[in-house]
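# Coordinates in review
Residue strings, one per chain:
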Amino acid sequence: GEAGRLGWGILAKLLTDSSPEVKSQALLSVKSVCRVDGEVLPVAMVDAVVLPVYQSLKDKNTAVRTMAERCMLHLLCLFAGMEVAETTATRLKEADQVGVMEYCKRTVAKGVDACAVSDEE
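All values reported here derive from a predicted model rather than from experimental measurement.

## Remarks on the nonpolar core
Leu27, Val30, Met45, Val49, Val53, Met72 and Leu75 are the most contacted members of the largest nonpolar core, which totals 31 residues. Counting residues per element, the ones that place at least two in this core are helix H1 (2-15), helix H2 (20-37), helix H3 (43-56), helix H4 (62-77), helix H5 (82-89) and helix H6 (94-110). Excluding anything up to four places from it in sequence, Val49 contacts Trp8, Leu11, Leu15, Val30 and Leu75.

## A word on the environment of Thr66
Position of Thr66 among the secondary structure elements: in helix H4. A relative accessible area of 31% places Thr66 in the partly exposed class. Between the C-alpha atoms of Thr66 and Leu27, which are 39 residues apart in sequence, the distance is 10.0 Å.

## Topic: the pattern of salt bridges
Summed over the entire model, instances satisfying the criterion amount to three salt bridges. Taking the shortest distance from any N to any O, the salt bridge between Lys23 and Asp59 comes out at 2.4 Å. Taken together, the positions of Lys23 in helix H2 and Asp59 in the loop between H3 and H4 put the pair 36 residues apart, joining distant regions of the chain. When sorted by exposure, Lys23 lands in the same class as Asp59, which is buried. The salt bridge partner of Arg91 is Asp47, with a shortest N-O separation of 2.6 Å. Here the residue Arg91 occupies a position in the loop between H5 and H6, and Asp47 occupies one in helix H3, the gap between them amounting to 44 residues. A residue is classified by how much of its surface remains accessible, and Arg91, at 44% relative accessible area, is partly exposed.

## Quick notes on the side chain of Asp96
Mapped onto the fold, Asp96 is located in helix H6. Relative accessible area serves as the criterion here: at 13%, Asp96 is assigned to the buried category. Contacts of Asp96, omitting those with residues within four sequence positions, involve Leu51 and Gln55.

## Description of H3
Its 14 residues place the ends of H3 20 Å apart at the C-alpha level, agreeing with the 20 Å of an ideal helix rising 1.5 Å per residue. The largest bend in H3 amounts to roughly 35° and is located at Val49, with the proline Pro52 lying one to four residues further along. Within H3, the full set of buried residues consists of Met45, Val46, Val49, Val50, Leu51, Pro52, Val53, Tyr54 and Ser56.

About the criteria used
Residues numbered from 1 in each chain as written. Predicted model: local features only at pLDDT ≥ 70, side-chain atom pairs only at ≥ 80, totals over all residues. Heavy atoms only, no water. Core = buried A, V, L, I, M, F, W, Y, C linked by side-chain atoms within 4.5 Å. Buried < 20%, exposed > 50% of the residue type's maximum accessible area, 1.4 Å probe, protein only. Helix = DSSP H or I, 4+ residues; strand = E, 2+ residues; numbered from the N terminus. Contact = heavy atoms within 4.5 Å. Salt bridge = Lys/Arg side-chain N within 4 Å of Asp/Glu carboxyl O. Expected span 1.5 Å × (residues − 1). Bend = angle between axes of the 7 residues up to and from the residue.

Okay, here's the thing in structure tokens:
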């Protein structure tokens, strides 16, 4: 509902915070939601967070980058591959579409083992 969408918006805002600690916590939150609701992640959530998470992959803080990688894994792997990435990408700006898709392809190519590893850390 509306409250949920608002919540994801706030989370997305936190993902773009200038503080690495705030960013890391927000990424952790996204990852936790993915773990719990992996099969049925709300579209509103994926749309709200996929771009800020993707952009965090380029963060200058190593901890943020690592967390973002795990986060992307969870966002994408739990959906078993490319279809979510593809539908989500169609709603992104063209420049971002390519990057997200390329990243997803590389991730999916590594296989689901990468996701299992992510869960143990």
